Amino acid sequence: MGIVFIKECGLATGEVENIFAEILDRARTLDPVNMRKWFDNLHVVHLTGGALEIGCPDEACAQFLQNSCRSAFTRAAQQITGHLVTVQFSANGRAHRSAKGQRHEAGPMLHPDYTFDNFVVGPSNRFAHASCIAVSQSPGNTYNPLFVYGNSGLGKTHLLHAVCHEIKSKSASAVIQLLSCEAFVNCFIQAIEQGDLPGFQSRFRSVDTLIIDDIQFLRGREHSQEEFFHTFNALYSNGRQIILSADCAPSEIPSLEERLISRFNWGLVARIDPPSYETRMAIVQKKAHLRGFAVSDEIAGYIARKLHANIRELEGALTTIYAVSMTTGREVTLEMAQTALNGQIEASVRHIRISDITDVVARHFNIRLADLQSKKRSQSIAEPRQICMYLARQLTKHSLEEIGGHLGGRDHTTVMHACGKIEDLQKANPKMHATLELLTSQITQSGYSSAS
Ligand code: ADP
Ligand code: MG
């Protein structure tokens, strides 16, 4: 914990340590959700009158702190010292500024939590986990490509980052590109706009490992698919590793060229299923441990029993309990956890039917229920119908076939296409985002749904 103390402060090393311990404590109470146990290993690089530089174990940690915790640390430092203090995080002598300013040449932005050590293995993800470990031990030589798929929130991004951490820890010089498919597509578009396709191609075709998250984003994007096809071929023929993730199997990605589907199936395709109760409970324990929280089996079991669809929800429940505890000073008991999670769990377990969704959507767009279920394709009906499909996918456990069946006897690819389209619209269009929020809140409110 070496402290390099800057004399201008007039403080002794021990005093700096004490002040920093207080700042850390205060930051923990200001933002318990983002605090981690490994923050105990942070140290002060310097503390001058107006600037505090905090040294971190590695680049990923510094990036995480800079992006997620800077505000809490700044407020904590100002409260403890009584001065305006700016806070900066650094690793290996390099200060980090902001996520947006990061150049890809500096390496992908990795989440420090997303390592193999922090990944709980159970029957639902054992195969995907083992495949990722195998690939990270010997990139390019085992399964190529590796294609990991599963519903949202089941750990795909976590595993991809873990592979990246592992490869980097074995070979610091390995050139890895890890990015979302959306970022890949954006880079491609930018390269075309700037007339720098060769730059784009050399960036992605010269790597040792290319990891693209959420590859289903390629759906319907013909030019990007074409470019990705050539990128894939160039890497593959040179024995470079390719790892992809998606929310469904290659053949289920709508509007994806056949030649890409076939390539995605060349290597190994690994599915992740929703975790069992035991795995969920172990994940809650693991997440609590990472944050330095103690969680009893009783409380971990309670959270794991109540929430099952998505691991993000488990994590959210845990952090809610501790945020309530930290801000109110109340001890974490089962009763307190139950009260703290009341709304969250109710919303999650409430049984929502497709008819609840169609009712709300029909009323909102002022159209008839029968129209939603008809074959009509006019925009004023087709879009609300696609919204119904998207919301049914988000809020119910019905299969694509069931959703399609309920909405005019459409097949599963039509439903997938609709979900993808609405998802894209929601990202690009704040109005659509607001509409979906409003509809979701109306659907999940009591009156439209019955408790299961
Ligand atoms: P996806 O990319 O599949 O939507 P993420 O990788 O973003 O899901 O995972 C969502 C959250 O759940 C992350 O915080 C991740 O760390 C956590 N998570 C998922 N699976 C596991 C697991 N098996 N062990 C520990 N944490 C997990
Ligand atoms: Mg993801």
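Now for a quick tour of the structure. (Residues numbered from 1 in each chain as written. Chains lettered and ligands numbered in written order. Predicted model: local features only at pLDDT ≥ 70, side-chain atom pairs only at ≥ 80, totals over all residues. Heavy atoms only, no water.)

1. Focus: the overall build of the chain
When helices and strands are tallied, the chain shows 18 helices and nine strands. Since a compact globule built from 452 residues should have a radius of gyration of about 22 Å, the 24 Å found for the chain is in line with a globular shape. Across its three principal directions, the C-alpha atoms of the chain cover 80 × 60 × 40 Å. By residue count, 47% of the 452 residues in the chain fall in the buried class. Carbon together with sulfur atoms contributes 50% to the accessible area of the chain, which is approximately 21,100 Å² in total. Charge-centre separation for the chain: the mean point of 45 positive side chains lies 4 Å from the mean point of 46 negative side chains. (Helix = DSSP H or I, 4+ residues; strand = E, 2+ residues; numbered from the N terminus. Rg over C-alpha atoms; globule rule 2.2 N^0.38 Å. Buried < 20%, exposed > 50% of the residue type's maximum accessible area, 1.4 Å probe, protein only. Areas by Shrake-Rupley, 256 points an atom, 1.4 Å probe, with all protein chains shown as cover. Lys, Arg positive; Asp, Glu negative; His and termini not counted. Charge placed at Lys NZ, Arg CZ, Asp CG, Glu CD.)

2. Here's the deal with the pattern of salt bridges
In total, this model carries 16 salt bridges according to the counting rule given. With a closest N to O distance of 3.9 Å, Asp208 and Arg240 form a salt bridge. Of the two residues, Asp208 is situated in the loop between helix 6 (197–205) and strand 7 (209–213) and Arg240 in the loop between helix 7 (222–237) and strand 8 (241–246); the sequence distance between them amounts to 32 residues. When its relative accessible area of 30% is taken as the criterion, Asp208 is described as partly exposed. The class for Arg240 is partly exposed, based on a relative accessible area of 26%. In this structure, the salt-bridge partner of Asp273 is Arg271, at a minimum N-O distance of 3.0 Å. When salt bridges that share partners are traced, they join Arg219, Arg221 and Asp424 into one network. (Salt bridge = Lys/Arg side-chain N within 4 Å of Asp/Glu carboxyl O.)

3. Focus on the sheet that holds strand 6 (residues 176–180)
The strand order across the open sheet formed by five strands is 6-7-8-5-9, and the pairing between neighbours is parallel. The outermost strands of the open sheet, each flanked by one partner alone, are strand 6 and strand 9 (268–271). Going from strand to strand, the sheet's axes swing by 10° on average, the running direction of each strand aside. Relative to strand 8, strand 7 runs parallel, the two being bridged by four bridges. Bridge pairing links Thr209 to Gln241 in strand 8. Relative to the sheet, helix 5 (residues 181–193) contacts strand 6 and strand 7, its axis offset from that of strand 6 by approximately 100°. (Pairing = 2+ DSSP bridges. Axes fitted to C-alpha atoms, helices over the stretch in contact; angles between N-to-C directions. Contact = heavy atoms within 4.5 Å.)

4. Some remarks on the site of ligand 1
Around ligand 1 sit 18 residues in total, of which Gly153, Thr157, His158, Lys287 and Glu315 are the nearest. Contact distances for ligand 1 include 2.7 Å between an oxygen atom and a side-chain N or O atom of His158. One of the side-chain N or O atoms of Lys287 is found 2.7 Å from an oxygen atom in ligand 1. Those elements that provide at least two residues to the shell around ligand 1 are helix 4 (156–170), helix 9 (277–290) and helix 11 (311–328). Taken together, the residues of the shell around ligand 1 sort by class into six nonpolar, eight polar and four charged. (Near = heavy atom within 4 Å. Polar contact = N/O pair within 3.5 Å; in protein donor to acceptor, adjacent residues only side chain to side chain. Nonpolar A, V, L, I, M, F, W, Y, C, P; charged D, E, K, R; others polar.)

5. Some details on the packing of helix 3 (residues 126–137) against helix 4
Two numbers describe how helix 3 lies on helix 4: the axes approach to 9 Å, and their chain directions differ by 25°. The orientation of helix 3 with respect to helix 4, classified from their angle, is roughly parallel. Crossing handedness for the pair helix 3 and helix 4: right-handed. On helix 4, the residues touching Ala128, His129, Cys132, Ser136 and Gln137 of helix 3 are Leu159, Val163, Glu166, Ile167 and Lys170. (Parallel < 35°, antiparallel > 145°, perpendicular 65-115°, else oblique. Left-handed = near helix turned anticlockwise from the far one by under 90°.)

6. Some words on the pairing of strand 9
Here strand 9 shows a clear split, with Leu268 and Ala270 buried on one side and none of Val269 and Arg271 buried on the other. Looking at chain direction, strand 5 (residues 146–149) and strand 9 are connected through four bridges and run parallel. By the bridge assignment for strand 9, Leu146 is matched with Leu268.

7. So, helix 3
An ideal rise of 1.5 Å per residue puts 16 Å on 12 residues; helix 3 measures up with 17 Å between its terminal C-alpha atoms. Every buried residue of helix 3 is listed here: Ala128, His129, Ser131, Cys132, Val135 and Ser136. Buried residues along helix 3 cover an arc of 160° about the axis, so they all sit on one side. Buried positions along helix 3 lie against strand 5, helix 4, strand 8 and strand 9. (Expected span 1.5 Å × (residues − 1). Arc of directions from axis to C-beta.)

8. Quick notes on the environment of Glu437
Among the structural elements, Glu437 can be located in helix 18 (residues 430–444). Sequence separation of Glu437 and Gln426 is 11 residues, and the distance between their C-alpha atoms is 9.9 Å.

9. Observations regarding unusual backbone geometry
A cis geometry characterises the amide bond from Asn144 onward to Pro145, with omega recorded as -5°. Mapped onto the elements, Pro145 comes out in the loop between helix 3 and strand 5. Even without being a glycine, Ser255 presents a positive backbone phi close to 50°. Along the polypeptide, Ser255 turns up in the loop between strand 8 and helix 8 (258–264). On the basis of relative accessibility, which here comes to 45%, the residue Ser255 falls in the partly exposed class. Look at Asn366: it is not a glycine, yet its phi comes out positive at around 60°. Within the element layout of this structure, Asn366 appears in the loop between helix 13 (354–365) and helix 14 (369–372).

10. What about the packing of aromatic side chains?
Applying the stated rule across the entire model yields 18 aromatic pairs. The interplanar angle of 10° and the centroid separation of 5.9 Å between the aromatic rings of Phe232 and Tyr236 together place this pair among those described as stacked. Residue Phe232 and its partner Tyr236 are located together in helix 7, separated by four residues, close to a single helical turn. The exposure class assigned to Phe232 is buried, which follows from its relative accessible area of 1%. Following the ring pairs from residue to residue traces out a cluster consisting of Phe147, Tyr149, Phe184, Phe188, Phe200, Phe204, Phe228, Phe232, Tyr236, Phe264 and Trp266. Taking the ring centre of Phe217 as reference, the NZ or CZ of Arg221 above it sits at 3.8 Å. Across from the ring centre of Phe229, 3.8 Å away, lies the NZ or CZ of Arg259, which sits over that ring. (Phe/Tyr/Trp six-rings, centres within 6.5 Å; stacked < 30°, edge-to-face > 60°. Lys NZ or Arg CZ within 6 Å of the ring centre and 35° of its normal.)

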